[in-house]
Amino acid sequence: MADTAGLRARNTAFWTQAAPGWIRHADRQDELGSPLGAVAMARLSPRPGERVLDVGCGCGGTTAELAAAVGPTGAVLGVDLAESMVEAAAARFPADRHPGLRFTAADVETTGDLPGAPFDAAYSRMTLMLLADPVTGCANVRRALRAGGRLAATVFRDGPANPWLTLAVVGAAPHVAALPPLPVGDEPGPFAFADSARVRRILDTAGFDGITIEPHDVVMTAPGDPDTTAEWLIEIGPAGAAYRAAPTPHQAAARAATARLLDRFHGRGTGYRLPVGLWLITATAP
């Protein structure tokens, strides 16, 4: 396993390469990916006038949703490691049309004080599992909260609870160039927080109180076009950069192979139904 500095460098390189796919599919990800964070958004229940931190804001869709909840008297800061995604978020949700909404490119593991801190609440959709040093990252989130401030986040559970998640990689890999290193053990990745006992230890060590970790099962639905759905999942995953660099015939082969693997989740007239097993994580800052 790489050391923390090496994992951080790997994270930065990965998200720099992955960002174009997320930017291209930002609207689709906002719509189809909504179930990934809905339980955390509902549990957080941001209130008018609150100050909220969005950890791993991506292209800004969740940050804008939080901003709508806190209204014109509140404020929301979206933070993400990928500078190009933060730039895309600011372009999609400009300050003149979304007062109180700000974005900044930063690594929550290494950044100093975040602008707008202390916050009343912090939200994160599918990001905490991607931290190179989750204890340090979560401790910095906790320090950005006021006393009594609350955290609500979602992460994936294990592979069997998310049987579709690796299929875009398996389908695309034979048709594109070499992929970046895939995570091993507890390295940052989709299943790094699969062990709920480990998640509790991380949050406890980071200084949070009132920690709860609940399993939730949700479904992401996608339209029935296999080619479009396959490309979306390839582009936002580990194979995305290699796919975009591949010749057109290789891209088509990658999409076709991925679509075949996803066929078990496709229903005639209902599109794709992708089962997702989540942990809903909540905690408070002492």
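Residues numbered from 1 in each chain as written. Predicted model: local features only at pLDDT ≥ 70, side-chain atom pairs only at ≥ 80, totals over all residues. Heavy atoms only, no water.

> Teacher, can you tell me more about the pattern of salt bridges here?
Opposite charge on two side chains permits them to pair, given that their charged atoms come into close proximity. Tallying each qualifying case throughout the model produces 16 salt bridges. Two residues, arginine 157 and aspartate 217, come together in a salt bridge whose shortest N-O distance is 3.1 Å. Of the two residues, arginine 157 sits in the loop between strand 5 (145-156) and helix 7 (167-172) while aspartate 217 sits in strand 6 (residues 209-222), which places them 60 residues apart along the sequence. Judged by relative accessible area, arginine 157 falls into the buried class, the value being 14%. Taken together, the shared-partner salt bridges in this structure form one network comprising Arg24, Asp227, Glu231, Glu235, Arg244 and Arg255. (Salt bridge = Lys/Arg side-chain N within 4 Å of Asp/Glu carboxyl O. Helix = DSSP H or I, 4+ residues; strand = E, 2+ residues; numbered from the N terminus. Buried < 20%, exposed > 50% of the residue type's maximum accessible area, 1.4 Å probe, protein only.)

> Looking at this model, I keep getting lost on unusual backbone geometry. Mind explaining?
Glycine aside, the phi torsion of most residues is negative, and most peptide linkages are trans. A cis amide bond, omega 5°, links alanine 117 with the succeeding residue proline 118. Mapped onto the fold, proline 118 is located in the loop between strand 3 (101-105) and strand 4 (119-125). The phi dihedral of serine 45 falls on the positive side, at around 45°, and the residue is not glycine. If you trace the backbone, serine 45 turns up in the loop between helix 3 (38-44) and strand 1 (51-55). Within the chain, methionine 126 stands out as a residue other than glycine whose phi angle is a positive 60°. Within the secondary structure layout, methionine 126 lies in the loop between strand 4 and helix 6 (134-143). In this structure methionine 126 comes out as buried when scored by relative accessible area, which is 10%.

> What should I look at first to understand the side chain of glutamate 50 in this one?
Mapped onto the elements, glutamate 50 comes out in the loop between helix 3 and strand 1. Every residue in contact with glutamate 50, bar those within four places of it in the chain, is listed here: Ser45, Val70, Gly74, Ala75, Asp120 and Arg150. (Contact = heavy atoms within 4.5 Å.)

> Please explain the nonpolar core as it appears in this structure.
As a rule of thumb, soluble globular proteins bury nonpolar side chains together. Within the largest apolar cluster, 71 residues are counted, with the highest numbers of intra-cluster contacts made by Leu53, Phe156, Trp164, Phe193 and Phe208. The dominant element in this core, judged by the number of residues it contributes, is strand 8 (residues 271-284), at seven residues. Formed by 19 residues, the second largest nonpolar core is a distinct cluster that contains Met41, Leu66, Ala67 and Ala152. (Core = buried A, V, L, I, M, F, W, Y, C linked by side-chain atoms within 4.5 Å.)

> Before we go on, may I ask you to explain the side chain of threonine 258 in this structure?
For threonine 258, the position within the fold is in helix 11 (residues 248-262). Engagement of the side chain of threonine 258 in a polar contact is seen with the backbone oxygen of alanine 254, the distance being 2.9 Å. Those residues within four positions of threonine 258 in sequence are excluded, and the remaining contacts are Leu167, Ala168, Gly171, Ala172, Ala230 and Ile234. (Polar contact = N/O pair within 3.5 Å; in protein donor to acceptor, adjacent residues only side chain to side chain.)

> Just checking my understanding: could you explain helix 1 (residues 4-24) for this structure?
Each α-helix turn comprises 3.6 residues. Residues three or four places apart therefore point the same way. Along its 21 residues, helix 1 runs 30 Å from first to last C-alpha, staying within 8% of the 30 Å computed at 1.5 Å per residue. For helix 1, the principal kink sits at alanine 18 and spans about 40°; a proline, proline 20, occurs within the next four residues. Among all positions of helix 1, only Leu7, Asn11, Phe14, Trp15, Ala18, Ala19 and Gly21 are buried. Buried residues belonging to helix 1 abut helix 5 (83-92), helix 9 (226-235) and helix 10 (240-245). (Expected span 1.5 Å × (residues − 1). Bend = angle between axes of the 7 residues up to and from the residue.)

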